[in-house]
Amino acid sequence: MQASAGYPIVTLNEFIINRQDEHPEAKGDLSRLLHHIGIAAKIVNKKINKAGLVDILGKAGEVNVQGEDVKKLDVFANDHFMAAIKASGEVCAVASEENQEIITFDEGLSREGHYIVCMDPLDGSSNIEVNVSVGTIFSIYRRLSPGGEQADVSDFLQPGTRQVAAGYVIYGSSTMLVYTTGEGVDGFTLDPGIGEFCLSHARIRTPDTGRIYSINEGNYIHFPLGVKKYIKYCQEIDPETDRPYTSRYIGSLVSDFHRNLLMGGIFIYPQTQAAPKGKLRLIYECNPIAFIAEQANGAASNGTGRTLDEVPVSLHQRVPFYVGSREMMDRVHGFLAEYG
Ligand code: AHG
Ligand code: MN
Ligand code: MN
């Protein structure tokens with residue numbers, strides 16, 4: 001055995017504490033919250049790994065606020081992340097894809113909590129039954145309402161630029177937690193042997209350009225002309241720009257984004273006739289992903305404006321979403337400006 005094999009290991013918790021030490025003004029409350037999110041991720045990961053073995057694949061018999069069937073794992077993930085966030089004692093309220101209204105924590109320490117959390121507890125849930133990667137997305141803001149009072153929906157209607165931290169967990173062939181606090185993006189892979197998230201992708205930077213475009217081309221007929229033109233551009237032969245590009249689409253935002261983040265690429269979910277405002281949700285899908293993209297050298301928009309600048313008007317608001325490598329984003333913006 002090599003004495004140095006695998007060392008030095010930096011666990012997620014150690015990393016969070018080291019970061020906190022770099023900020024003498026930090027009181028440790030954000031660290032505590034991130035630590036609890038890491039615990040929930042491990043619990044949900046365990047359950048997802050067993051999804052094929054236990055009776056958890058069927059529908060839970062409810063319809064969520066988006067009008068979609070709620071799977072049992074959606075409910076499980078929602079409950080566990082909610083409980084972990086509450087247990088941190090640092091959060092006064094949570095908005096989740098699975099709950100129509102915000103959930104406020106009104107007892108004890110939580111009422112004084114400085115933070116609110118927005119989350120998509122299980123992203124890509126239609127993929128679970130076929131053993132394809134799913135994820136969890138989270139976003140953390142400072143509350144606007146005074147500590148000690150009950151938080152309300154206006155605490156959540158803040159532009160993405162005000163995020164204090166954001167991240168996702170991808171339950172894939174390995175499970176990873178990727179997050180940012182606005183000082184770059186770091187990724188941690190879960191080592192199942194020791195049950196710890198270990199730093200595996202320090203300071204992730206997405207390439208300036210890439211060769212992957214990710215879009216549900218089944219909706220092609222309904223896309224805006226600018227998007228149709230961009231897709232045709234991706235498919236043209238041009239050795240100088242290494243086209244045609246390659247098309248990859250999993251149908252799980254976290255998984256599609258994660259691949260493109262590491263390899264370079266663009267993900268697009270535009271407005272369509274069926275979804276005139278787009279499909280993805282601003283506060284708990286697009287904003288956290290946009291924050292991570294920007295922190296990793298990428299960009300994110302609704303086609304015309306920066307995602308993070310949009311001021312939300314409602315909790316479950318949908319927006320068109322374009323995210324990825326900067327040069328590819330510039331190119332698609334060019335097509336949208338020209339053709340609409
Ligand atoms: P969720 O499972 O949280 O409802 O999210 C599903 C989303 C997202 O993960 C993915 O990018 C998108 O739906 C895929 O939509 P299409 O199947 O319409 O392509
Ligand atoms: Mn989702
Ligand atoms: Mn979801």
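Reading guide: rules and limits
Residues numbered from 1 in each chain as written. Chains lettered and ligands numbered in written order. Predicted model: local features only at pLDDT ≥ 70, side-chain atom pairs only at ≥ 80, totals over all residues. Heavy atoms only, no water. Domains from an automatic or database assignment. Contact = heavy atoms within 4.5 Å. Buried area = accessible area lost by both parts, 1.4 Å probe. Salt bridge = Lys/Arg side-chain N within 4 Å of Asp/Glu carboxyl O. Donors = N, O, S within 2.8 Å, 3.2 Å for Na, K, Ca; no water. Buried < 20%, exposed > 50% of the residue type's maximum accessible area, 1.4 Å probe, protein only. Pairing = 2+ DSSP bridges. Helix = DSSP H or I, 4+ residues; strand = E, 2+ residues; numbered from the N terminus. Axes fitted to C-alpha atoms, helices over the stretch in contact; angles between N-to-C directions. Near = heavy atom within 4 Å. Polar contact = N/O pair within 3.5 Å; in protein donor to acceptor, adjacent residues only side chain to side chain. Areas by Shrake-Rupley, 256 points an atom, 1.4 Å probe, with all protein chains shown as cover. Core = buried A, V, L, I, M, F, W, Y, C linked by side-chain atoms within 4.5 Å.

Bringing the domain arrangement of the chain into the picture now. The domain architecture assigned to the chain consists of domain 1 (12-201) and domain 2 (212-339). Taken over C-alpha atoms, the centre of domain 1 sits 24 Å from the centre of domain 2. Of the residues lining the interface, 49 residues belong to domain 1; the matching set on domain 2 comes to 33 residues. Across the interface of domain 1 and domain 2, roughly 2,800 Å² is buried in total on both sides, 64% from carbon and sulfur atoms. The interface formed by domain 1 and domain 2 includes one salt bridge. The closest approach of N and O atoms between Glu97 and Arg281, which form a salt bridge, is 2.8 Å.

Turning our attention to the coordination of the manganese ion (ligand 2). Around the manganese ion (ligand 2), the protein contributes the donor atoms Asp120 (OD), Asp123 (OD) and Glu285 (OE), at 1.9 to 2.2 Å from the metal centre. One chain supplies every donor for the manganese ion (ligand 2), spaced along it as D-x2-D-x161-E. In this structure the manganese ion (ligand 3) is found 3.8 Å away from the manganese ion (ligand 2), and Asp120 serves as a bridging donor for the pair. Note on accessibility: Asp120 and Asp123 belong to one class, buried.

Let us now look at the sheet that holds strand β13 (residues 265-269). Read from one edge of the open sheet, five strands run β12-β11-β13-β15-β14, paired in mixed fashion. Two strands bound the open sheet, and with one partner strand each, they are β12 (246-247) and β14 (299-301). Both β14 and strand β15 (residues 321-324) contribute to a ladder of three bridges, which runs antiparallel. Its bridge partner being in β15, Ala299 is matched across the sheet by Gly324. In the packing of helix α4 (residues 225-235) onto the sheet, the strands contacted are β11 (212-214), β13 and β15, and the crossing angle to β11 comes to about 150 degrees. Packed onto the sheet, helix α7 (residues 326-339) meets β11, β13, β14 and β15 and runs at close to 150 degrees relative to β15.

Neighbouring residues of ligand 1: 18 residues in total, closest Asp123, Gly124, Asn216, Tyr249 and Tyr269. With respect to ligand 1, the backbone of Ser125 contributes an N or O atom lying 3.0 Å from an oxygen atom. For ligand 1, an oxygen atom lies 2.8 Å from a polar atom in the backbone of Leu253. Within the complex, the protein chains bury 86% of what would otherwise be the 470 Å² of accessible surface of ligand 1.

Counting 40 residues, the largest nonpolar core has Phe156, Tyr168, Phe257, Ile289, Phe321 and Val323 as its most contacted members. Examining the composition of this core, we find that nine residues originate from one element, helix α6 (residues 282-295), more than from any other. When we break this core down by domain, the ones giving at least three residues each are domain 1 (12-201) and domain 2 (212-339). Not counting chain neighbours up to four residues away, the residues in contact with Val323 comprise Phe257, Gly265, Ile266, Phe267, Ile289, Ala293, Ala299, Ala300 and Met329. In this structure, Phe15, Phe76, Met119 and Phe188 belong to the second largest nonpolar core, which totals 39 residues.

With that settled, the discussion passes to the pattern of salt bridges. Once the charged atoms of two side chains with opposite charge are near each other, the side chains can pair. Per the counting criterion, the structure on display carries 16 salt bridges. Across the salt bridge formed by Arg326 and Asp208, the nearest N and O atoms sit 3.7 Å from each other. With Arg326 in helix α7 and Asp208 in the loop between β10 (196-201) and β11, the pair connects residues that are 118 residues apart, well separated along the chain. For Arg259, the salt bridge is made with Asp256, and the minimal N-O distance between the two is 3.0 Å. Taken together, the residues span about one helical turn, with Arg259 and Asp256 both in helix α5 (residues 253-263) at a distance of three residues.

Glancing now at the pairing of strand β8 (residues 175-180). Within β8, six of the six residues are buried, which leaves the element mostly enclosed by the surrounding structure. Burial along β8 is two-sided: Thr175, Leu177 and Tyr179 and Met176, Val178 and Thr180, pointing in opposite directions, are all buried. Count of turn residues in the strand β7 (residues 165-171)/β8 antiparallel hairpin: three residues.

This part covers the coordination of the manganese ion (ligand 3). Coordination of the manganese ion (ligand 3) by the protein comes from Glu97 (OE), Asp120 (OD) and Leu122 (O), over a distance range of 2.0 to 2.3 Å. Within one chain, the residues serving as donors to the manganese ion (ligand 3) are arranged as E-x22-D-x1-L.

Moving on to the environment of Arg142. In this fold, Arg142 is placed in strand β6 (residues 134-142). Remark: the alpha-carbon pair of Arg142 and Cys92, spanning 50 residues in sequence, is separated by 9.9 Å. For Arg142, the side chain forms a polar contact with the side chain of Tyr115, separated by 3.3 Å.

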